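Coordinate inspection notes
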Amino acid sequence: MSAKIFIAACVVFLSNCMSLKDAGRAYFNPRKNYVGVQNPQEVIQRIENNKKIRHIIYGSLKEDKIIECIFLRNQIYVASLMSLSKEDKRELKRVSEIMEQAYQFDDQDFLQACDQVKNSHVGRLFGEIQNNYFERS
Amino acid sequence: MTKKYAHIFLIFVFGQLIFAGCTTDATIRRHEYAPLLAGVPLEKNILEKIKTSSPKDAVFADLLQAFALMRTAQLQKPTVQKEISELLANAAGTFDDLRDPVNFSKAFSIDEDKDFRGRPHERVFTVTMLAVFLMAQGNYDLAISYLRNAEFLDARFQKLPFGTDSPYVYALMYWCLHQRKGSDPQEIERAADGVKKSVRFLTLQEPLVKALIKIAEVDLRPMAISNRLAYMIFEISIYHSLISAPNQADITSLIDDAVKNAEIFTSALDSNFEDEYKERLAPVIKELAHVYGLNNKEGVKHLAELAFNKVAHDVQNIGAHIKQLLIHDHSLNREIQAAVKSSESLSAKILASARLDKLILNFTGMGPTLERKGSYDEIAVIKPSKTANLHAAIRQKVIPTNIACGFHRTQQGGFSAVLCGPHALKSAQHVEALPSAELLALSNKARKALGRRFDEVLKGRAQFRAATENLSTVGAWSAFFLFQIGANIINDCNRRGEGEACYAPAFAIWAVAGVTVVFTGTIWLIGRASNPAADSRFIHLMYESAWMAI
């Protein structure tokens, strides 16, 4: 009996611990609604609908770049709320600190942080997931 | 033993039934109000009977009677005018004992058992209508003091006391001051200032808020906390600047003023905008704390402080973006310039008309109504009337009006009041088509406080009652299962032929079940004792629109 309970607990524990890749996908297939991110369709619609005003306010900043950075921030944000292995958690925390602090602070800082994180391991992995998302949709 | 429990259970059920029967009927559904509900005034003795039998509803009955008379009686008769004035004055006299509520939603949600003092728009309309009747009698001194009271009453339950956004109150005040001998020029200037600011408030808020929404829609970081806070505060700041910045201020100065005021609103956020803060920002901060791994009390507090510290900077950014948008977005710029022009010309027309010896007012339409919703009728929703102007804008139309001094009945219970000063020419009965401006739109006033929609729900008590009911359900089921388990144990003991020593665990479980029943019952009864239903009393006979010939 106790062995069965132990095995069940292990299964529950292991199923809670997802891979970094799965955590990066969680933003696109959320299990629940997060109040700190807009969903991907909403982001795309928002950025594409108001090109004229965006141009007035942000000049020549390309919409691809904006969507890429917002998605990356949102992926990291949602992934940070997932259960991960200790190593993945540490890696994610490092990029999350760079990205989220800049996001909370200033537009310019956010774009710079986005460039920095994009080149990291997490950035490349999450970038691939973004590409898959665009290919699928 | 089982019998004893059965008795406890029966007493509990009867208790519930008794308490369930203790619900109060909506006042408005009581039979003595039936004529008033149909807009027919009551006989004086019946009105007195209602007031004596239920003193808490005296103001409610007085106001319904006053507006029923306005809609049906012969207003030309001085006795009718006197009767209406007295009823309105009785009600207005009680508004002084109104205690300041903790917040707007609580002020809005007075329950049925409290003394009726009306909702903010009902109080303002009551007092201004009283002023109109006093002005018709030439009692300008008293009318002016009631109009000042109207300004105060309107501002009183705003989250930040700005004054009133109704040009109607200031226009009446301006006319009165001109008719009264020896009025202080500063007072006249203040009333004129009020007209200009309130007209500006109504004509410019939509295009400015539209610009703010456009910027929010393209924002790179819409979910950043301080940024969210900044948008929320900027909206409040715009309303504040429109009603308080100097009249000469152009659009750029208004935006600068809004930016400047942001700090005041940030510091007032905790006290004056607690509900909005809790609803819109607290969940985001809580979630962000998890992202940062700072999900303890200190972490959440730290993130909230960071957001507050940065909000002034983000407000400045928003202000700069709006200015940029106004320069480069030509269609928005044209829209705002048109609104500025319309605000200036309308203010000038209103003031010019209010300087004349004859002031012509028209009261039309049925005002807003109240609907109660939710499991416990805890949601009080104000339904705008069919003819309501739901936008923050001043409508204009031509109204055929009898221009002879005095009161004249118009269509569907409406009336016009031609107020004549001491030097006014007494014209004969003669109908003229007069261009008029809607200076008071009651549905809009009832649903919004200075541009912002307010809470409609009596949250606290309804949530409490729902929680007690949920807890009772869980408790009742738990008790049921515990009884069942105990019974099974006893059955097992009997089957095995074991003695009473075997029953001990079953009795212990039944004891726990008994305690659960008592606890659950108490919680349920406490829940039933609270009445979360919103107040049903509402003056549905008020007029939707007050028009002034311009």
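Since the model is a prediction, treat every value here as computed from it, not as a measurement.

Secondary structure summary: chain A contains eight helices and zero strands in total. Each helix (α) and strand (β) of chain A, taken in turn from the N terminus, gives the series α-α-α-α-α-α-α-α. Expressed as a percentage of the 137 residues in chain A, the buried residues total 45%. By sequence separation, contacts in chain A at least 24 residues apart represent 70% of the contacts at least 6 residues apart.

Right, let's get into the packing of aromatic side chains. One pass over the structure, following the stated rule, counts 26 aromatic pairs over all chains. Pairwise contacts between aromatic rings join F133, Y168, F363, F407, F415 and Y543 of chain B into one cluster. Across from the ring centre of Y543 of chain B, 4.2 Å away, lies the NZ or CZ of R71 of chain B, which sits over that ring. In this arrangement the basic side chain of K310 of chain B is found over the ring face of F105 of chain A, its NZ or CZ atom lying 5.2 Å from the centre.

What follows covers the sheet that holds strand β5 (residues 406–409) of chain B. Residues and elements named next belong to chain B. Strand order in the open sheet made by the six strands is β4-β7-β10-β1-β6-β5, with antiparallel pairing throughout. Either end of the sheet is taken by a strand with one partner, and the two such strands are β4 (396–402) and β5. In this sheet, neighbouring strand axes are inclined to one another by 35° on average, regardless of whether the strands run parallel or antiparallel. Judged from the seven bridges that link them, β4 and strand β7 (residues 431–441) form a sheet pairing that is antiparallel. Each residue of the ladder has a partner; that of P400, found in β7, is A433. Its contacts with the sheet place helix α7 (residues 120–136) against β1 (358–366), β5, β6 (415–420), β7 and β10 (543–549), and it is angled at close to 50° to β6.

Right, let's get into the interface of chain A and chain B. Taken together, the contact pairs 32 residues of chain A with 30 residues of chain B. Looking only at chain A, the three residues that lose the most surface to chain B are V35, I56 and Q104 of chain A, adding up to 21% of its buried area. Counting the contacts that link chain A with chain B gives two salt bridges. The salt bridge involving K52 of chain A is made with D329 of chain B; its shortest N-O contact spans 3.6 Å. Counting the contacts that link chain A with chain B gives 14 residue pairs in polar contact (both at pLDDT 80 or more). Here the side of chain A that touches chain B takes eight residues from helix α6 (residues 86–105) of chain A, the largest share from any one element.

Residue and element names in this part refer to chain B. Among the nonpolar cores identified, the biggest contains 177 residues, and F67 and F363 are the most heavily contacted of them. Top contributing element to this core by residue count: helix α10 (residues 185–218), with 14 residues. If you look at the next biggest cluster of nonpolar residues, it comprises seven residues, including I360, C420, A424 and A549.

Residues and elements named next belong to chain B. At a minimum axis separation of 8 Å, helix α9 (residues 167–179) and α10 run at an interaxial angle of 155°. Comparing the axis directions of α9 and α10 gives the class roughly antiparallel. Here the hand of the crossing between α9 and α10 comes out left-handed. Judged by residue contacts, P167, Y170, A171, M173, Y174, L177 and H178 of α9 engage E187, I188, R190, A191, A192, G194, V195, S198, V199 and L202 from α10. By residue class, the composition of the contact of α9 with α10 is 12 nonpolar, three polar and two charged.

Take the state of the cysteines next. Note on terminology: disulfide describes a covalent bond linking the sulfur atoms of two cysteines. All names here are of chain B. Tallying each qualifying case throughout the model produces three disulfides over all chains. Between C405 and C420 runs a disulfide, and the two sulfur atoms are separated by 1.9 Å. Handedness of the C405-C420 disulfide follows from its S-S torsion of about -95°: it is left-handed. Here C405, found in the loop between β4 and β5, pairs with C420, found in strand β6; they are 15 residues apart in sequence, far enough to count as distant. Judged by its relative accessible area of 28%, C405 falls in the partly exposed class. When its relative accessible area of 18% is taken as the criterion, C420 is described as buried. Paired through a disulfide, C493 and C502 show a sulfur-sulfur distance of 1.9 Å. For the disulfide bridge between C493 and C502, the dihedral angle about the S-S bond is near -70°, and by the sign convention the bridge is left-handed.

Residue and element names in this part refer to chain B. Within the secondary structure, T203 sits in helix α10. Side-chain polar atoms of T203 contact the backbone oxygen of V199, separated by 2.7 Å. Residues within four places of T203 in sequence aside, it is in contact with A339, S342, S343 and A392.

Residue and element names in this part refer to chain B. For chain B, mean pLDDT is 83; residues scoring 70 or higher make up 86% of the total. Summarising per-element confidence for chain B, the mean pLDDT is lowest in helix α6 (residues 104–108) (41) and highest in α9 (95). Confidence over residues 100–110 falls short of pLDDT 50; this stretch has 25 contacts with residues more than four positions distant or in other chains. Per-residue pLDDT stays below 50 along residues 454–458; that stretch engages in 21 contacts with residues further than four places along the chain or on separate chains. Under the prediction, the complex receives an ipTM of 0.84, its pTM being 0.78.

Here we come to helix α15 (residues 297–328) of chain B. Its 32 residues give α15 of chain B an end-to-end C-alpha distance of 45 Å, which sits within 8% of 46 Å, the value for a rise of 1.5 Å per residue. V311 of chain B marks where α15 of chain B bends most, by close to 40°.

A word on the pairing of β5 of chain B. Of the strand pairs in this sheet, β5 of chain B and β6 of chain B are connected by four bridges, and their pairing is antiparallel. Residue pairing in the sheet places F407 of chain B in a bridge with A417 of chain B of β6 of chain B.

Attention now goes to unusual backbone geometry. Look at Q412 of chain B: it is not a glycine, yet its phi comes out positive at around 45°. Relative to the helices and strands, Q412 of chain B resides in the loop between β5 and β6.

With that settled, the discussion passes to the environment of F60 of chain B. All names here are of chain B. Tracing the backbone shows F60 in helix α4 (residues 58–72). According to the relative accessible area criterion, F60 is buried, its value standing at 0%. For F60 and L439, which are 379 residues apart along the polypeptide, the C-alpha to C-alpha distance reads 25 Å. Ignoring any residue separated from it by four or fewer positions in sequence, one finds F60 in contact with T27, I28, Y33, F116, R537, F538 and I539.

Moving on to the pattern of salt bridges. Residues and elements named next belong to chain B. Scanning the entire structure with this criterion turns up 34 salt bridges over all chains. The partner of D314 in a salt bridge is K310, and the shortest N-O contact between them spans 3.1 Å. One end of the pair is D314 and the other is K310, both in helix α15 and four residues apart, which spans about a single turn. As far as burial versus exposure is concerned, D314 and K310 are alike and both buried. When salt bridges that share partners are traced, they join R30, E32, K56, D57 and R537 into one network.

Thresholds, definitions, all that
- Residues numbered from 1 in each chain as written.
- Chains lettered and ligands numbered in written order.
- Predicted model: local features only at pLDDT ≥ 70, side-chain atom pairs only at ≥ 80, totals over all residues.
- Heavy atoms only, no water.
- Helix = DSSP H or I, 4+ residues; strand = E, 2+ residues; numbered from the N terminus.
- Buried < 20%, exposed > 50% of the residue type's maximum accessible area, 1.4 Å probe, protein only.
- Contact = heavy atoms within 4.5 Å.
- Phe/Tyr/Trp six-rings, centres within 6.5 Å; stacked < 30°, edge-to-face > 60°.
- Lys NZ or Arg CZ within 6 Å of the ring centre and 35° of its normal.
- Pairing = 2+ DSSP bridges.
- Axes fitted to C-alpha atoms, helices over the stretch in contact; angles between N-to-C directions.
- Buried area = accessible area lost by both parts, 1.4 Å probe.
- Salt bridge = Lys/Arg side-chain N within 4 Å of Asp/Glu carboxyl O.
- Polar contact = N/O pair within 3.5 Å; in protein donor to acceptor, adjacent residues only side chain to side chain.
- Core = buried A, V, L, I, M, F, W, Y, C linked by side-chain atoms within 4.5 Å.
- Parallel < 35°, antiparallel > 145°, perpendicular 65-115°, else oblique.
- Left-handed = near helix turned anticlockwise from the far one by under 90°.
- Nonpolar A, V, L, I, M, F, W, Y, C, P; charged D, E, K, R; others polar.
- Disulfide = S-S within 2.5 Å.
- pLDDT = per-residue confidence, 0-100.
- Expected span 1.5 Å × (residues − 1).
- Bend = angle between axes of the 7 residues up to and from the residue.

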